[in-house]
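So the chains spell out like this:
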Amino acid sequence: MTVLGHPRSWNCQWLPLLMLLLGTGREPGVESVTHYKAGDPVILYVNKVGPYHNPQETYHYYQLPVCCPEKIRHKSLSLGEVLDGDRMAESLYEIRFRENVEKRILCHMQLSSTQVEQLRQAIEELYYFEFVVDDLPLRGFVGYMEESGFLPHSHKIGLWTHLDFHLEFHGDRIIFANVSVRDVKPHSLDGLRPDEFLGLTHTYSVRWSETSVERRSDRRRGDDGGFFPRTLEIHWLSIINSMVLVFLLVGFVAVILMRVLRNDLARYNLDEETNSAGSGDDFDQGDNGWKIIHTDVFRFPPYRGLLCAVLGVGAQFLALGTGIIVMALLGIFNVHRHGAINSAAILLYALTCCISGYVSSHFYRQIGGERWVWNIILTTSLFSVPFFLTWSVVNSVHWANGSTQALPATTILLLLTVWLLVGFPLTVIGGIFGKNNASPFDAPCRTKNIAREIPPQPWYKSTLIHMTVGGFLPFSAISVELYYIFATVWGREQYTLYGILFFVFAILLSVGACISIALTYFQLSGEDYRWWWRSVLSVGSTGLFIFLYSVFYYARRSNMSGPVQTVEFFGYSLLTGYVFFLMLGTISFFSSLKFIRYIYVNLKMD
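Residues numbered from 1 in each chain as written. Predicted model: local features only at pLDDT ≥ 70, side-chain atom pairs only at ≥ 80, totals over all residues. Heavy atoms only, no water.

Asks: Would you explain the pairing of strand β14 (residues 198-210) in this entry?
Replies: Sheet faces and side chains relate simply in a regular strand, where the side chains alternate between the two faces. By the bridge criterion, eight bridges tie strand β6 (residues 101-111) to β14 in an arrangement that is antiparallel. For L111, the partnering residue across the bridge sits in β14 and is L198. Bridge analysis of strand β11 (residues 162-170) against β14 gives eight bridges, and the strand direction is parallel. Bridge pairing in β14 links E168 to S209. (Pairing = 2+ DSSP bridges. Helix = DSSP H or I, 4+ residues; strand = E, 2+ residues; numbered from the N terminus.)

Structural data, given as structure tokens:
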């Protein structure tokens, strides 16, 4: 149905493919502006319609009973635009550069009762439409609904049959576009009998005006004239809350490292010198805390292949998240362009697959893994398989309901090709390099063949409590910021504070590392050496808190409804929590590993 790119985008060279994936085809920072002469035709594309409160539930504009050409011609779209649900098609509106139009007839229509009911239902669900002219979106509501009074109760439905287009130009370029129904009365859709037809005449007007603004980015009103909220203000409460938590945790960990550990090391090393005069095994007989498990703390864990796969994919998403935020900060892609972030995420995911393969295979070989081929397969499947299953369910629901969010077959084949030709081979290549460059695991202590018995642990040192504490503290550091991110992804706001987002992302990683070190110290002090998986789960459980917050957001902070929006929201929210589990679990593990190596390197042992 939709062509995904320009013909030149299918060359065998890499640069055109990357341009296609980014959905720009232009150099960074260059605006897509067409130059016109007076009287040149300006094509207005109709795009999509959908409920205002369900951002991801969109349908083709021509699915409604509206003025439609006999042959629908679609515009070529980038991959990012298709992923964003865009389905642009040429309209019947005739607009010429700098030529005003006063109430020109668009078409005459005779609507059946079924078509009228379809329009009534769309208006009651607050359907809005989106048009596009010269890459500028124009948005407005399909109709008008008035509901007032309890006794007597009134419920009126009206359809906008006239649209006023206001376009501003500077020289030979269009700078601003807007659509309005301010001075128009809606056509009533009430009181129609089941066997009666409704006659409608759709009209439109076009008004041009010159502006002194030379670039679109200099205009403060925004491209849509305020139909959607444009930006989010700087939220100092979130920043202050996160900074205070970071200072407290960093100070807490510093106290552990500088005072508690210093005392522990001084006492343990003194005991070692005392015991060295007698039997060298005597120090194992006392209650010596984390020192007594030095022969077991580096005992490799069960399911080491799965652990290495988690660390590899987690490292990949750390690079992916950092890369997207840095690219947005540097202006490498326009974050407000349709589907730009989606395209950048797909491109970076494919290119960073080498990181997951390298980290996973490198650490797997270090801890004595032999089945490295199976480890690579597990690594490449750890995220792609859950994502494919979730996407299959979500896409099927969109397809069954006729939503434009359902991907065409050509887009699916393109994404599969990118994964097969870029993502999977890079994972294998990274795995080969990681395996070949791996050195033996650097353990400061020699591990005994027989594992020491672990004493009974108090309830506050259980895995569940560590997961609760380790997940809640990082979540609390980003809880306020998380609302604005959800309002951007699942709402109508546009996020522009990527510097603040980068700062909060760094805070999240810092908090995760600090709380991981603290929890690992408490675990080892109880002579429990099973820290490998515990360190991943303790801070990785932040992903569970994020998913629980998404449930709260859906129920209390949003007006989303319906099966289409609900399935997509909870499906991708579950995937988001899973990604945060992988990222923060990886940060937590390597922080704990670094900490454990530090304390045992400084411990004197025979």
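Asks: Looking at this structure, I do not really get the sheet that holds β11. What am I missing?
Replies: Across a sheet, strands are paired by hydrogen bonds formed along the backbone, either parallel or antiparallel in direction. Across the sheet, which stays open at both edges, the four strands sit in the order β6-β14-β11-β12 with mixed pairing between neighbours. Looking at strand neighbours, the two that pair on one side only are β6 and β12 (173-180), the edges of this open sheet. Sheet twist, expressed as the mean angle between neighbouring strand axes with direction ignored, is 20°. The sheet strands contacting helix α3 (residues 113-124) are β6 and β14, and the helix crosses β6 at an angle near 125°. (Axes fitted to C-alpha atoms, helices over the stretch in contact; angles between N-to-C directions. Contact = heavy atoms within 4.5 Å.)

Asks: Help me out: how do you make sense of the packing of aromatic side chains in this one?
Replies: To describe a pair of aromatic rings, one takes the distance between the centres and the angle between the planes. One pass over the full model with this rule turns up 51 aromatic pairs. Relative to F383, the ring of Y349 has its centre 5.8 Å away and its plane inclined at 55°; by these criteria the two rings are tilted. Within this pair, whereas Y349 is found in helix α6 (residues 340-351), its partner F383 is found in helix α8 (residues 372-400), the two being separated by 34 residues in sequence. Each member of the pair, Y349 together with F383, is buried. When the ring centre of W372 is taken as reference, the NZ or CZ atom of K435 above it lies at 5.0 Å. (Phe/Tyr/Trp six-rings, centres within 6.5 Å; stacked < 30°, edge-to-face > 60°. Buried < 20%, exposed > 50% of the residue type's maximum accessible area, 1.4 Å probe, protein only. Lys NZ or Arg CZ within 6 Å of the ring centre and 35° of its normal.)

Asks: Can you help me understand the nonpolar core in this one?
Replies: The tendency in soluble globular proteins is for nonpolar side chains to be buried side by side. Ranked by internal contacts, the top residues of the largest apolar core, which has 86 residues, are F317, F363, L524, F589 and Y600. A per-element tally of this core places helix α11 (residues 498-525) first, with 16 residues. Once you skip the residues sitting within four places of it in the chain, L524 turns out to touch G289, W290, I293, V297, Y529, W531, I596, I599 and Y600. With 48 residues, the next largest nonpolar core counts V101, A122, I157 and V179 among its residues. (Core = buried A, V, L, I, M, F, W, Y, C linked by side-chain atoms within 4.5 Å.)

Asks: I keep staring at the environment of Y529 and nothing clicks. Help me out?
Replies: Within the secondary structure layout, Y529 lies in the loop between α11 and α12 (531-540). The class for Y529 is buried, based on a relative accessible area of 10%. Put simply, Y529 and I454 are 75 residues apart on the chain and 7.9 Å apart in space, counted from C-alpha to C-alpha. Setting aside residues no more than four positions away along its own chain, Y529 makes contact with I293, D296, V297, A451, R452, I454 and L524. One polar contact links the side chain of Y529 to the main-chain carbonyl oxygen of R452, over a distance of 2.8 Å. (Polar contact = N/O pair within 3.5 Å; in protein donor to acceptor, adjacent residues only side chain to side chain.)

Asks: Is there a simple way to explain the state of the cysteines in this structure?
Replies: One covalent bond between the sulfur atoms of two cysteine residues makes up a disulfide. On inspection of all chains with the given rule, the structure shows one disulfide. Residue pairing for C67: its cysteine sulfur links by disulfide to C107, the two sulfurs lying 1.7 Å apart. On the sign convention where negative is left-handed, the bridge of C67 and C107, at about -65° about the S-S bond, is left-handed. With a gap of 40 residues between them, C67 in the loop between β3 (59-60) and α2 (79-83) and C107 in strand β6 connect regions that are remote in the sequence. On the accessibility criterion, C67 (9% relative accessible area) is buried. Note on C353: no disulfide assigned, nearest cysteine sulfur contributed by C354 at a separation of 7.7 Å. (Disulfide = S-S within 2.5 Å.)

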